[in-house]
Amino acid sequence: QVQLVESGGGLVQAGGSLRLSCAASGSIFSINAMGWYRQAPGKQREKVATITSGGTTNYADSVKGRFTISRDNAKNTVYLQMNSLKSEDTAVYYCNAKIGLQAGLSTLIWGQGTQVTVSS
């Protein structure tokens, strides 16, 4: 029942901005760490940014200073604000979350992905 749904992807010109959202729903006891990953054609999936339940963030070097990850715990939602986009950012972006189903039991959940295309 627990699922993550991403939204906000699309086509944007280089230098532009885009904001991705990922909402968790279902039988959720708690949400621990959340993150954004991306996969470009012919490349492996890579971690873009993560955020802990306490708000501690971590970014890939390639996006540091341009992307910002945040979360709204009341809405069970994580966001990725992407600024100064480059063509190299083109990829399918996936939301990831460690969901607590009950005390002492958690599971790793992935969203379906949302396409981000940056034109130059």
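That block above? That's the structure.
The residue count restarts for each chain, going from 1 along the sequence in the order it is written. Predicted model: local features are reported for residues with pLDDT of at least 70 only, side-chain atom pairs are reported and counted for 80 or more only, and whole-chain, interface and lining totals are derived from all residues. The basis for every side-chain value is the complete set of non-hydrogen atoms in the structure, without hydrogens or water.

1. Side note on the state of the cysteines
Put simply, the rule is: Two cysteine sulfurs form what is called a disulfide whenever their separation falls within 2.5 Å. A run of DSSP states H or I qualifies as a helix once it reaches four residues; a run of E qualifies as a strand once it reaches two. Both are numbered from the N-terminal end. Relative accessible area decides the class of each residue, using a 1.4 Å probe on protein chains only: under 20% of the type maximum gives buried, over 50% gives exposed, and in between gives partly exposed.
Going through the model one piece at a time under the given rule, you end up with one disulfide. The disulfide bridge from Cys-22 ends at Cys-95, spanning 2.1 Å between sulfur atoms. Its torsion about the S-S bond being -85 degrees, the disulfide of Cys-22 and Cys-95 is classed as left-handed. Remark: Cys-95 occurs in strand β9 (residues 91–102) and Cys-22 occurs in strand β3 (residues 18–25); sequence separation between them is 73 residues. Judged by relative accessible area, which is 0%, Cys-22 ranks as buried.

2. Examining the pattern of salt bridges
Defined as follows: The salt bridge criterion pairs a side-chain nitrogen of Lys or Arg with a carboxyl oxygen of Asp or Glu, the two atoms within 4 Å.
On inspection of all chains with the given rule, the structure shows four salt bridges. The partner of Lys-64 in a salt bridge is Asp-61, and the shortest N-O contact between them spans 3.1 Å. One salt bridge connects Arg-66 with Asp-89, and the closest N-O pair in it is separated by 2.8 Å. Residue Arg-66 is located in the loop between β6 (57–59) and β7 (67–72), and its partner Asp-89 is located in the loop between β8 (77–82) and β9; the two are separated by 23 residues in the primary sequence. The burial state of Arg-66 is the same as that of Asp-89; both residues are buried. If you follow the salt bridges from partner to partner, you end up with Arg-38, Glu-46, Arg-66 and Asp-89 in one network.

3. Describing the packing of aromatic side chains
Basically, it comes down to this: Here a Phe, Tyr or Trp ring, Trp counted by its six-membered ring, pairs with any other such ring whose centre lies within 6.5 Å, and the pair is stacked when the planes are under 30 degrees apart, edge-to-face when over 60, and tilted otherwise. Put simply, a charge is over a ring when the Lys NZ or the Arg CZ is close to the ring centre, within 6 Å, and near the line of the ring normal, within 35 degrees.
Within the structure shown, the criterion is met by one aromatic pair. Ring centres of Tyr-37 and Trp-110 lie 4.9 Å apart, and the angle between their planes is 65 degrees; this geometry places the pair in the edge-to-face category. Highlighted residues: Tyr-37 in strand β4 (residues 30–39) and Trp-110 in strand β10 (residues 105–110), separated in sequence by 73 residues. Residue Tyr-37 is classed as buried on the basis of its relative accessible area of 19%. For Trp-110, a relative accessible area of 35% puts it in the partly exposed group. Over the ring of Tyr-79 we find Arg-19, and its NZ or CZ is 4.1 Å from the ring centre. Geometry around Trp-110 places Arg-45 over its ring, the cationic atom sitting 4.7 Å from the centre.

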